[in-house]
Amino acid sequence: MTDTTPATAPRAATFTTYSPATGEPIAEHPVDGPQEVSRAVSRARSAQAGWAELPASRRRDHLLRWKKALAADLDAVARTISEETGKPAGDAALEVVLTLEHLAWAARNAERVLRRRKVGTGLFTVHQRASLVHRPLGVVGVIGPWNYPLYTPMGSIGYALAAGNGVVFKPSELTPGTATLLAGLFDGAVPGHAGLLTTVTGAASTGDALARSGVDKLAFTGSPGTARKVMAVCAETLTPFLAECGGKDAVIVTADADLDAAADAIVWGALSNAGQTCAGVERVYAAREIHAELCERVVKRASALHPGGGADAPYGPMTLPGQVAIVERHVSGAVSAGARALLGGPESVRAPYVAPVVLTGVPEDAAAMTEETFGPVVAVNAVADMDEAVERANASRYALGAAVFCRSGRTGAAIAARLRAGAVSVNSVLGFAAVPALPFGGSQDSGFGRIHGAEGLRAFTAVQSTTVQRFTPPVALTSFAVPAATRERAVRLARSLHRRR
Ligand code: NAD
């Protein structure tokens, strides 16, 4: 049924976004409640029917037009990201570039990944032609975080649309401007499908309304605590749920690794975006023989970095004001528990900025080693050997990403295979995030389910299995008319075959 209610009916209230760098107000956005969310879902449902009926090549062309519009408006989108998160413009531009890569991959590969495929049959089903096809779910709700306000939710939005779904997107209340811009570009580039992608804005109550709105799946990215709450709401209606949550990623450095390359990557992985990266580097386990030398190189590079609000700053302010206290607690707690601050310390926390902090000898049970710090802090601990490194890296309730630095790629890959992580990079950090064909996601407190790649497309589909009977079988076992003796012969035959092979 088509919903004819205008999408722009008056709302009860608005909220203001503020610059994390200056505290100045940026813009007002509506607080969408259950009514607005329900209207958006209903419009998406109407639009989705036509979208799913399009040939896959037409959907691809529409999405590629949207991609081109995003590329053409890269500067404006990056500016909005930068304004809302405080990250430097260059980092924001890189975020848009990564998003473009993923959108292009999803658009170009959806048909190949999701099209009907024949499968083999069995001894008693040779008369059947069997196939499976991945069909869109309907309307997907997406709840996003603020740290990568375009790239992260687009891992669900772009892939869900490419798979033939409609999408209602609830961005973080810190970054609604980026989301509104994204949906506006979609409407401009994909005419005739109004309502297929809608942004609803607001904080927890808007997200809660989306979880209760009857969407066919909810893709959530955020903290594990919020994931638990949203999943409990989804459980009431058995709404499928995908959770991309936090991380406490470890880097392992072997005794023969290229220490300059490792130090360079560790510093970038830990400090870029002010450490506010789900798969950012938070823990390092270095072979004892090279630990001191690695620390020296990490400190040398990190001490040259000074956060600020300018376009040239290596990283900006903490986006979420409340996170500053968490970073301070982790650093102070580690130092009180006996860790040595090689660079900075509790005094590095000067809201809204946090200067780089490099710790060593951090007790493994300190909050800085067990909880997500989400700040520009890295702990570099020494280990006796790679067994200890693997054991410590795996001893976390998070399991998102990891990295290994090692002279031999083959040995690095063997260590990677022992790590409990959804994605591992050898001799780089976050290498997997820029490869659209690679699925991304974790386990335990890092969530479950996968975005990106073929798995990321299939995540927004339901598989339908089909059999088409090609001829009447000589022995029709699915009929009351089959004589008892025929059934018994069939059972004897099957038993004898299965006992032999
Ligand atoms: P958050 O959990 O505070 O909020 C996430 C989203 O949930 C926001 O849009 C928020 O408004 C919404 N929300 C809050 N309460 C809700 C409720 N009761 N019902 C429905 N929605 C609700 O997380 P955040 O601070 O925005 O993001 C930071 C977290 O996200 C970090 O833990 C980070 O590691 C994680 N993250 C994970 C990935 C990943 O892909 N694994 C990517 C980016 C960020």
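Once a new chain begins, its residue numbering starts again from 1 and follows that chain's sequence as written. Per-residue local features are limited, in this predicted model, to residues with pLDDT of at least 70; the limit for side-chain atom pairs, both in listing and counting, is 80 or more; totals at the level of whole chains, interfaces and linings are taken over all residues. No hydrogens and no water enter the side-chain calculation; it runs on all heavy atoms of the structure.

Observations concerning the UniProt feature "active site" (unreviewed entry) in the chain
The following threshold applies: UniProt positions are given in the numbering used here, feature names are shortened, and annotations may be inferred rather than shown by experiment. To qualify as a helix, a DSSP run of H or I must reach at least 4 residues; to qualify as a strand, a run of E must reach at least 2; elements of each kind are numbered from the N terminus. To sort residues, take the accessible area from a 1.4 Å probe on protein chains only and compare it with the maximum for the residue type: under 20% means buried, over 50% means exposed, and anything in between is partly exposed. Contact between two residues is taken to exist if any of their heavy atoms lie within 4.5 Å; hydrogens are not considered.
Using the residue numbers shown here, the UniProt feature "active site" (unreviewed entry) corresponds to Glu 244. Tracing the backbone through its elements, the reader meets Glu 244 in strand β9 (residues 241–244). A relative accessible area of 3% means that Glu 244 is categorised as buried. The contacts of Glu 244, once residues within four sequence positions are left out, are Phe 220, Thr 221, Gly 222, Phe 440, Gly 441, Gly 442, Ser 446, Gly 449, Arg 450 and Ile 451.

Considering the sheet that holds strand β4 (residues 128–136)
What counts, and what does not: A pair of strands is considered paired only if DSSP assigns at least 2 bridges between the two. Convention adopted: a line fitted to C-alpha atoms gives each axis, helices being fitted over their contacting stretch, and angles between N-to-C directions are expressed from 0 to 180 degrees.
The three strands lie next to each other as β3-β4-β22, forming an open sheet whose pairing is antiparallel. Edge positions in the open sheet fall to β3 (117–119) and β22 (461–469), since each of these has one partner strand only. Across this sheet, the average inter-strand angle for adjacent strands is 30°, counted without regard to direction.

What to know about the packing of aromatic side chains
We count it as follows: Think of it this way: a Phe, Tyr or Trp ring, Trp meaning its six-membered ring, pairs with another when their centres are within 6.5 Å, and the plane angle makes it stacked under 30 degrees, edge-to-face over 60, tilted otherwise. Any Lys NZ or Arg CZ found within 6 Å of a ring centre and within 35 degrees of that ring's normal is scored as a charge over the ring.
Applying the stated rule across the entire model yields six aromatic pairs. An angle of 25° between the planes, with centres 6.2 Å apart, marks the rings of Phe 220 and Phe 241 as stacked. In this pair, Phe 220 sits in strand β8 (residues 217–221) while Phe 241 sits in strand β9, placing the two residues 21 residues apart along the sequence. Per residue, the accessibility class of Phe 220 equals that of Phe 241, and both read buried. A connected cluster of aromatic rings, assembled from ring pairs, spans Phe 220, Phe 241 and Phe 448. A cation sits over an aromatic face here: Lys 217 above Phe 460, 5.8 Å from the ring centre.

Considerations on helix α11 (residues 323–336)
Heads up, the condition is: By this rule the span expected of a helix is its residue count minus one, scaled by 1.5 Å. Think of the arc as the fan of directions from the helix axis to the C-beta atoms.
Between its terminal C-alpha atoms α11 stretches 20 Å, which fits the 20 Å expected from 14 residues at 1.5 Å a residue. Where α11 is concerned, the buried positions are Gln 323, Val 324, Val 327, His 330, Val 331 and Ala 334. Viewed end-on, α11 has its buried residues packed into an arc of 130°, placing them on one side of the element. Those residues of α11 that are exposed and aimed more than 90 degrees away from the buried face are Ala 325 and Ser 336. Taken together, the buried residues of α11 touch β13 (349–350), β14 (353–354), β15 (357–360), α12 (367–370) and β16 (377–383). In the stretch just after α11, Gly 338 is the one whose phi turns positive, near 110°.

Description of the sheet that holds β16
In any sheet, the strands associate via hydrogen bonds between backbone groups, in a parallel or an antiparallel arrangement. In spatial order, the strands read β12-β15-β16-β11-β10-β18-β19; together these seven strands make up an open sheet with mixed pairing. A single partner strand is all that each edge strand has here, and the edge strands are β12 (340–343) and β19 (423–426). Across the sheet, the mean angle from the axis of one strand to that of its neighbour is 25°, orientation sign disregarded. Note that β12 and β15 share three bridges and pair antiparallel.

A word on the site of the ligand
Put simply, the rule is: Here a residue is considered near a molecule or strand provided that any single heavy atom belonging to it is located within 4 Å of it. Polar contacts, as used here, are pairs of N or O atoms within 3.5 Å; protein pairs need one atom able to donate a hydrogen and one able to accept it. Residues neighboring in sequence count only if both atoms are side-chain atoms.
The local shell around the ligand holds 28 residues, among which Trp 146, Lys 170, Glu 173, Ser 223 and Glu 372 are the closest. Taking Glu 372, its side chain carries an N or O atom lying 2.6 Å from an oxygen atom of the ligand. Elements supplying a minimum of two residues to the shell around the ligand: α7 (204–211), β8 and α8 (224–236). By residue number, the principal contributor to the shell around the ligand is α7, which donates three residues.

What to know about the pattern of salt bridges
Cut-off, in case you're wondering: Between Lys or Arg on one side and Asp or Glu on the other, a salt bridge is scored when a side-chain nitrogen of the former is within 4 Å of a carboxyl oxygen of the latter.
With the rule as written, the count across this model stands at 16 salt bridges. Arg 212 is paired through a salt bridge with Asp 208; the nearest N and O atoms lie 2.8 Å apart. Residue class for Arg 212 comes out partly exposed when judged on its relative accessible area of 47%. Taking relative accessible area as the criterion, Asp 208 reaches 31% and is therefore assigned partly exposed. Glu 282 serves as the salt-bridge partner of Lys 248, at 2.6 Å between the closest nitrogen and oxygen. Here Glu 282 lies in strand β11 (residues 281–287) and Lys 248 lies in the loop between β9 and β10 (249–253), a separation of 34 residues in the sequence. Residues participating in the shared-partner salt-bridge network are Asp 260, Asp 264, Glu 293, Arg 297 and Arg 301.

Remarks on a nonpolar patch on the surface
As a reminder, the rule being used: Exposure above 30% relative accessible area and the absence of a salt bridge qualify a residue for a patch, where like charges join within 9 Å and nonpolar side chains (Val, Leu, Ile, Met, Phe, Trp, Tyr) within 5 Å. All accessible-area figures derive from a Shrake-Rupley calculation using a 1.4 Å probe, and residue coverage is judged against the displayed protein chains alone.
Among the surface-exposed residues, Leu 123, Phe 124, Val 475, Leu 477 and Leu 493 lie close enough to one another that they form a single nonpolar patch of about 400 Å² accessible area. Considering the arrangement of structural elements, one finds Leu 123 in the loop between β3 and β4.

Some points on the side chain of Ser 131
Positionally, Ser 131 belongs in strand β4. A polar contact is formed between the side chain of Ser 131 and the side chain of Arg 116, at a distance of 2.8 Å. The contact partners of Ser 131, leaving out residues within four places of it in the chain, are Arg 116, Arg 117, Lys 118, Val 119, Gln 464, Ser 465 and Thr 466.

Remarks on the pairing of strand β1 (residues 13–18)
Looking along a regular strand, one sees the side chains alternate between the two faces of the sheet. Relative to strand β2 (residues 25–31), β1 runs antiparallel, the two being bridged by six bridges. Along β2, the bridge assignment pairs Tyr 18 with Pro 25.

So, the nonpolar core
Applicable threshold: Working definition of a nonpolar core: buried Ala, Val, Leu, Ile, Met, Phe, Trp, Tyr and Cys residues. They are joined through side-chain atoms within 4.5 Å.
Val 251, Val 253, Ile 266, Val 284, Leu 294, Val 362 and Phe 405 are the most contacted members of the largest nonpolar core, which totals 60 residues. If you tally residues by element for this core, the top one is helix α9 (residues 259–271), at eight residues. Listed in part, the 58 residues of the second largest apolar core include Val 142, Tyr 159, Phe 432 and Ala 459.

Regarding α7
Those residues of α7 that sit buried are Thr 206, Gly 207, Ala 209, Leu 210 and Ala 211. The secondary structure elements touched by the buried residues of α7 are β2, α1 (34–53), β5 (139–143), β6 (166–170), β8 and α8.

Side note on the state of the cysteines
Put simply, the rule is: The definition used for a disulfide is geometric: two cysteine sulfur atoms within 2.5 Å.
According to the stated counting rule, one finds zero disulfides in the structure shown. Its sulfur unpaired, Cys 234 is 12 Å from the next cysteine sulfur, which belongs to Cys 245. The exposure class assigned to Cys 234 is buried, which follows from its relative accessible area of 1%. Cysteine Cys 245 is unpaired, with the sulfur of Cys 278 as its nearest cysteine sulfur at 9.7 Å.

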